[in-house]
Amino acid sequence: MLGTLLTLFLVGLVGLIAIGAVMAVLGSVLGMAFGLAGFLLFKVAPIVFVGWVVLKVVERVRNGRQISAADQRWLDS
């Protein structure tokens with residue numbers, strides 16, 4: 001009887017330790033993923049967007065809208 005209770009106690013203790021380890025690893029992975037996503041969304045994306053807008057403005061000022069003669073004929077037909 002006492003041996004059975006100790007066995008159940010040890011199995012429960014090992015199970016709790018294993019579940020705690022799995023939850024710790026899962027929390028670390030999710031934390032890193034959300035950290036990376038936040039960094040990309042709030043730090044990198046605005047810089048890329050501003051660069052894209054600047055390039056479009058410079059392109060429009062420098063060249064205007066230019067297409068090839070073949071494309072113009074295709075649009076006119």
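Here's a quick rundown of the structure. (Residues numbered from 1 in each chain as written. Predicted model: local features only at pLDDT ≥ 70, side-chain atom pairs only at ≥ 80, totals over all residues. Heavy atoms only, no water.)

Things to note about the overall build of the protein chain
Thinking step 1. Check the secondary structure of the protein chain and you find 2 helices and 0 strands.
Thinking step 2. Expected size for 77 residues packed as a compact globule is a radius of gyration near 11 Å; at 31 Å, the protein chain overshoots this value by more than 25%.
Thinking step 3. The 77 residues of the protein chain split such that 0% are buried.
Thinking step 4. With the model as given, the accessible surface of the protein chain reaches about 7100 Å², and the carbon-plus-sulfur share is 77%. (Helix = DSSP H or I, 4+ residues; strand = E, 2+ residues; numbered from the N terminus. Rg over C-alpha atoms; globule rule 2.2 N^0.38 Å. Buried < 20%, exposed > 50% of the residue type's maximum accessible area, 1.4 Å probe, protein only. Areas by Shrake-Rupley, 256 points an atom, 1.4 Å probe, with all protein chains shown as cover.)

Considering helix H1 (residues 2-63)
Thinking step 1. The end-to-end C-alpha separation of H1 is 88 Å, in line with the 92 Å expected for 62 residues at 1.5 Å each.
Thinking step 2. In the structure, H1 departs most strongly from a straight axis at Val-44, where the bend amounts to approximately 40° and where the proline Pro-46 lies between one and four residues downstream. (Expected span 1.5 Å × (residues − 1). Bend = angle between axes of the 7 residues up to and from the residue.)

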